[in-house]
Amino acid sequence: DTAVSQTPKYLVTQMGNDKSIKCEQNLGHDTMYWYKQDSKKFLKIMFSYNNKELIINETVPNRFSPKSPDKAHLNLHINSLELGDSAVYFCASSQGLRSGDYNEQFFGPGTRLTVL
Amino acid sequence: SQKIEQNSEALNIQEGKTATLTCNYTNYSPAYLQWYRQDPGRGPVFLLLIRENEKEKRKERLKVTFDTTLKQSLFHITASQPADSATYLCALLLSGGSYIPTFGRGTSLIVHP
């Protein structure tokens, strides 16, 4: 059973398009995240949701909009895609944010987004 | 400014030797520090957590140290194997906040048979 799954694995699209990436976790975790990993492998937090509520929104353009329909899902919608959005996007989940002891991140396999 | 520094150059070692990877940080006061392994084309996988009041943590062939005075963590893999070849990321979890990890860029480890 896959703990954290993402679809699609690869996404190639033209500049200006709108696209979505879906994420699901079956670990029963309270908290889910979106990270962006750029070409230099720098992994940076974008958003964090705890029990469907947005708690972290780093300096990300408002073209990026996360949506959490329930605790097990956190989708990422991107409007008006730009060349600089090309990266690998990782979804992750953790038990919660009460303490660092519970914040081991479980990552999905990643979605490689290429904007042409 | 705040920085997390991991060696950007790959570490090449011979099978059977001990690999030592370094994570240095400035202008952070982490309550916890995590280490992850990332293989090409995959998401990072959690390996170890160490708390600020712990000096050392071990798990099988892995050992992590945490020196809050030096602002440094060392990650050791003893009796290294080619299968240990991967990128290793350190991540800081800050107290007084949400404990969301802030990641370093990672160091690539290559173990030669």
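Fair warning: this is a prediction, and the values are worked out from it, not measured in the lab.

### Quick notes on the confidence of the model for chain A
Detailed conclusions should not be drawn from predicted coordinates in areas where pLDDT is low. Across chain A, the average pLDDT comes to 92, with 99% of residues at or above 70. The lowest-confidence element of chain A is strand β6 (residues 53–57) of chain A, averaging 80 in pLDDT; the highest-confidence one is strand β3 (residues 19–25) of chain A, averaging 98.

### Considering the sheet that holds β3 of chain A
All names here are of chain A. Strands sit in the order β1-β3-β8-β7 across an open sheet of four strands; the sheet is antiparallel. Two strands in the sheet have a free side with no partner beyond their single neighbour: β1 (4–7) and β7 (64–70). Adjacent strand axes in the sheet meet at a mean angle of 20° when their direction is disregarded. Here β3 runs beside strand β8 (residues 73–78); their pairing, made up of four bridges, is antiparallel. Directly across from serine 20, in β8, lies its bridge partner histidine 77.

### Focus: the pairing of strand β9 (residues 87–94) of chain A
All names here are of chain A. Of all eight residues that make up β9, eight are buried, and the element is covered over most of its length. Sheet analysis places strand β4 (residues 31–37) next to β9, joined by seven bridges and oriented antiparallel. Bridged to tyrosine 33 within β9 is alanine 92. Strand direction decides the pairing type here: β9 and strand β11 (residues 111–115), joined by three bridges, are antiparallel. Residue pairing in the sheet places valine 88 in a bridge with arginine 112 of β11. Of the strand pairs in this sheet, β9 and strand β10 (residues 106–107) are connected by two bridges, and their pairing is antiparallel. Across the sheet, residue alanine 92 finds its bridge partner in β10, namely phenylalanine 107.

### As for the sheet that holds strand β3 (residues 19–26) of chain B
Residues and elements named next belong to chain B. Taken together, the five strands give an open sheet; going across it, the order is β1-β3-β8-β7-β6, and neighbouring strands pair in antiparallel fashion. Both outer strands of the open sheet, β1 (3–6) and β6 (56–59), are each paired with one neighbouring strand and no more. The sheet shows a mean angle of 15° between the axes of neighbouring strands, taken without regard to direction. As defined by bridge partners, β6 adjoins strand β7 (residues 62–67) across four bridges and the pair is classed as antiparallel. Residue pairing in the sheet places lysine 59 in a bridge with leucine 62 of β7.

### Some details on the packing of aromatic side chains
Each aromatic ring pair is summarised here by two numbers: the centre-to-centre distance and the angle between the ring planes. Residues and elements named next belong to chain A. Overall, the coordinates contain 13 aromatic pairs over all chains when judged by the stated rule. Taking 6.3 Å as the distance between ring centres and 35° as the angle between the ring planes, the aromatic pair formed by phenylalanine 64 and tyrosine 89 counts as tilted. Placement of phenylalanine 64 in strand β7 and of tyrosine 89 in strand β9 is noted, with a sequence separation of 25 residues between them. In terms of burial, phenylalanine 64 and tyrosine 89 fall into one category: buried.

### Considering the state of the cysteines
Residues and elements named next belong to chain A. Per the counting criterion, the structure on display carries two disulfides over all chains. Between the sulfur atoms of cysteine 23 and its disulfide mate cysteine 91 the distance is 1.8 Å. Residues cysteine 23 and cysteine 91 share a disulfide whose torsion about the S-S bond is about -75°; that sign makes it left-handed. With cysteine 23 in strand β3 and cysteine 91 in strand β9, this pair connects stretches of sequence that are 68 residues apart.

Conventions we followed
Residues numbered from 1 in each chain as written. Chains lettered and ligands numbered in written order. Predicted model: local features only at pLDDT ≥ 70, side-chain atom pairs only at ≥ 80, totals over all residues. Heavy atoms only, no water. pLDDT = per-residue confidence, 0-100. Helix = DSSP H or I, 4+ residues; strand = E, 2+ residues; numbered from the N terminus. Pairing = 2+ DSSP bridges. Axes fitted to C-alpha atoms, helices over the stretch in contact; angles between N-to-C directions. Buried < 20%, exposed > 50% of the residue type's maximum accessible area, 1.4 Å probe, protein only. Phe/Tyr/Trp six-rings, centres within 6.5 Å; stacked < 30°, edge-to-face > 60°. Disulfide = S-S within 2.5 Å.

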